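Examination of the molecular architecture
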Amino acid sequence: MSVLKKVLYIGWIGFGNLGDELLWNVFKELNKHYNYSTKIEIVPSLPGVDINHTEEYDTVILGGGSLLLPGYMAALKQAIDLGKDVFIWGSGLDWITKEQLDIINSGQSLSLEKTFTEKDIILFRETLEKAAFVGVRGPITKKVLETFGINSEKIKLIGDPGILLNPPAVIRKKEKIAAINWGTTFNRLYGQDEAAIENALLQVSKKLIKSGYKILLYVVWGSDREASKRLYDKLNDPLNVTYDPSLYSEEELIEKLSVCSLSINFKLHANILSLAGNVPCIALGYRFKVFDLFQSLGLENLVVSTDSDTLALDIMEGIQEIELNNEKIIEQYKKRKEHFSPLIIEPIKNNFTVD
């Protein structure tokens, strides 16, 4: 069958990180569903694919993830200059400092010179203004892009594509299990102190066990195993604590989490997987993207910042919130899923064309 349209999907894929891989999988499945009769060939940006050479493609998609970065913008700008259609599909910013995030949330005017050069800002502005579609993950990303001078109406808030993940077909009975996703970002996080976070999780886990919970330690990236195993060893309680080093698919992990009563998560999409399984979660706000995602869901009260001096206490307060409002939290998530789903699907359903 001859191909009428060739599409390049850009994502941080091929590196074994479940969050980025599941976003690519969502994209693939949507295309199978909506474009099954259309002659579209999709090429993913796996290692070895040069995203700076887009001559052979008709359309370039910047996929889900924290990909609004100067390097990716430069690749998209080249594609636009070659006359290609460029779509931003649920991408978000990251790497904004905690101080800058606090300024944004307080409504004050923001300077981003610590994070982006003037050249970077011009590149963002020129690229996104000329893109065929700009759909971003969260409201704080949208606010930052507006400070770059990009037309607010150009930037559509469509949410994180991972929100399209579905719960298991068979709903199993909940057990008093707290799932904890722990790992590492090699200290590239708010507070720059992973040891302090691990200590807080240790304290919280012991309190949960005392109140009758079992603990499940799980990972979503191979590099997270060492930290998660270390926490397991510190707890030294095999009767009440399970460490699972397996790397599951998103469907398998949603199934596994769905029997839990709550979760505490380090990595961003571990939260989406938990919520997809109808399990309320505490998000460890280790970088900008976590706050951005949870504001988009209307669940920002469930984020605890990793630079907090009272992190263990903050997590315990979040757990109390979950225990009191379990069903309300899941209903809020479902409402945001219902709102965002058609916005995420629209560009794909329309075969990457814009009216």
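- Under an unreviewed UniProt entry, the name given to the chain is Pyruvyl-transferase, and the source organism is Peribacillus simplex.

1. A short note on the environment of Ser-228
- Tracing the backbone through its elements, the reader meets Ser-228 in helix 7 (residues 225–235).
- Owing to a relative accessible area of 0%, Ser-228 belongs among the buried residues under this scheme.
- When the C-alpha atoms of Ser-228 and Ser-263 are compared, they prove to be 14 Å apart, with 35 residues separating the residues in sequence.
- In this structure Ser-228 touches Trp-182, Leu-217, Tyr-218, Val-219 and Tyr-243, once residues within four positions along its chain are discounted.

2. Focus: the nonpolar core
- With 123 residues, the main nonpolar core has Trp-89, Leu-145 and Ile-264 as its most contacted residues.
- Counting residues per element, this core draws most heavily on helix 11 (residues 311–349), at twelve residues.
- When sequence neighbours within four positions are dropped, the list of residues in contact with Ile-264 reads Ala-179, Ile-180, Asn-181, Leu-201, Val-204, Leu-208, Ile-282, Leu-284, Ile-315 and Ile-319.

3. Some details on the layout of surface pockets
- Here the largest pocket defines a volume of roughly 590 Å³.
- Lining the largest pocket we find 29 residues, and of these Trp-12, Asn-17, Asp-20, Arg-287 and Lys-289 sit closest to its centre.
- Where the lining of the largest pocket is concerned, the elements lending two or more residues are helix 1 (18–34) and helix 9 (268–276).
- At five residues, helix 1 tops the list of elements feeding residues into the lining of the largest pocket.
- Partitioning the lining of the largest pocket into residue classes produces 15 nonpolar, seven polar and seven charged.
- Each pocket or cavity is described by its volume, and for the second largest pocket that value is around 340 Å³.
- Along the wall of the second largest pocket there are 15 residues; nearest its centre are Val-26, Leu-164, Leu-165, Asn-166 and Glu-251.
- Secondary-structure elements contributing two or more residues to the lining of the second largest pocket are helix 1 and helix 8 (250–257).

4. Re the sheet that holds strand 3 (residues 59–62)
- If you trace the six strands from one edge of the open sheet to the other, you get 2-1-3-4-5-6, paired in parallel fashion. Both outer strands of the open sheet, strand 2 (40–44) and strand 6 (155–157), are each paired with one neighbouring strand and no more. Strand-to-strand twist in this sheet, taken as the mean axis angle between neighbours without regard to direction, amounts to 20°.
- Relative to strand 6, strand 5 (residues 133–136) is paired through three bridges, and the arrangement is parallel.

5. Focus on the pattern of salt bridges
- Here the structure, examined in full by the defined rule, presents 15 salt bridges.
- Residue Lys-77 is joined to Asp-81 by a salt bridge in which the shortest nitrogen-to-oxygen separation is 3.1 Å. Placement of both Lys-77 and Asp-81 in helix 2 (residues 70–81) is noted, with a separation of four residues, approximately one turn of the helix.
- On the basis of relative accessible area, Lys-77 is assigned to the buried category, the value being 16%.
- Its relative accessible area of 51% is what places Asp-81 among the exposed residues.
- Between Asp-102 and Lys-98 there is a salt bridge, with the nearest N and O atoms lying 3.2 Å from each other. One end of the pair, Asp-102, and the other, Lys-98, are both in helix 3 (residues 98–106), four residues apart, so they sit about a helical turn from each other.
- Since its relative accessible area comes to 39%, Asp-102 is described here as partly exposed.
- On the basis of relative accessibility, which here comes to 14%, the residue Lys-98 falls in the buried class.
- Several salt bridges converge on common partners, so that one network encompasses Asp-94, Arg-287 and Lys-289.

6. Regarding the state of the cysteines
- Considering all chains together, one arrives at zero disulfides under this definition.
- The closest cysteine sulfur to the non-disulfide-bonded Cys-260 is located on Cys-281, 12 Å from its own sulfur.

7. What to know about the packing of helix 3 against helix 5 (residues 139–147)
- With their axes 11 Å apart at the nearest point, helix 3 and helix 5 run at an angle of 90° to one another. Between helix 3 and helix 5, the angle is such that the two are roughly perpendicular. Counted together, Leu-101, Ile-104 and Asn-105 of helix 3 and Ile-140, Lys-143 and Val-144 of helix 5 form the full contact between these two elements.

8. Remarks on the sheet that holds strand 10 (residues 262–265)
- The sheet built from six strands is open, its strands ordered 9-8-7-10-11-12 with parallel pairing. Looking at the sheet topology across the chains shown, the edges are occupied by strand 9 (241–244) and strand 12 (303–305). On average, each strand axis in the sheet is inclined to that of its neighbour by 20°, with strand direction left out of account.
- Packing of helix 10 (residues 288–297) onto the sheet brings it into contact with strand 11 (281–285) and strand 12, and relative to strand 11 it is tilted by some 145°.
- Taken strand by strand, helix 11 contacts strand 10, strand 11 and strand 12, and its axis lies near 155° from that of strand 11.

Cut-off values and rules
Residues numbered from 1 in each chain as written. Predicted model: local features only at pLDDT ≥ 70, side-chain atom pairs only at ≥ 80, totals over all residues. Heavy atoms only, no water. Helix = DSSP H or I, 4+ residues; strand = E, 2+ residues; numbered from the N terminus. Buried < 20%, exposed > 50% of the residue type's maximum accessible area, 1.4 Å probe, protein only. Contact = heavy atoms within 4.5 Å. Core = buried A, V, L, I, M, F, W, Y, C linked by side-chain atoms within 4.5 Å. 1 Å grid on protein atoms, 1.4 Å probe; cavity = no way out; pocket = protein on both sides within 12 Å on 5 of 7 lines; lining within 4 Å. Points joined across faces, edges and corners; volume = space filled by probe spheres on them. Nonpolar A, V, L, I, M, F, W, Y, C, P; charged D, E, K, R; others polar. Pairing = 2+ DSSP bridges. Axes fitted to C-alpha atoms, helices over the stretch in contact; angles between N-to-C directions. Salt bridge = Lys/Arg side-chain N within 4 Å of Asp/Glu carboxyl O. Disulfide = S-S within 2.5 Å. Parallel < 35°, antiparallel > 145°, perpendicular 65-115°, else oblique.

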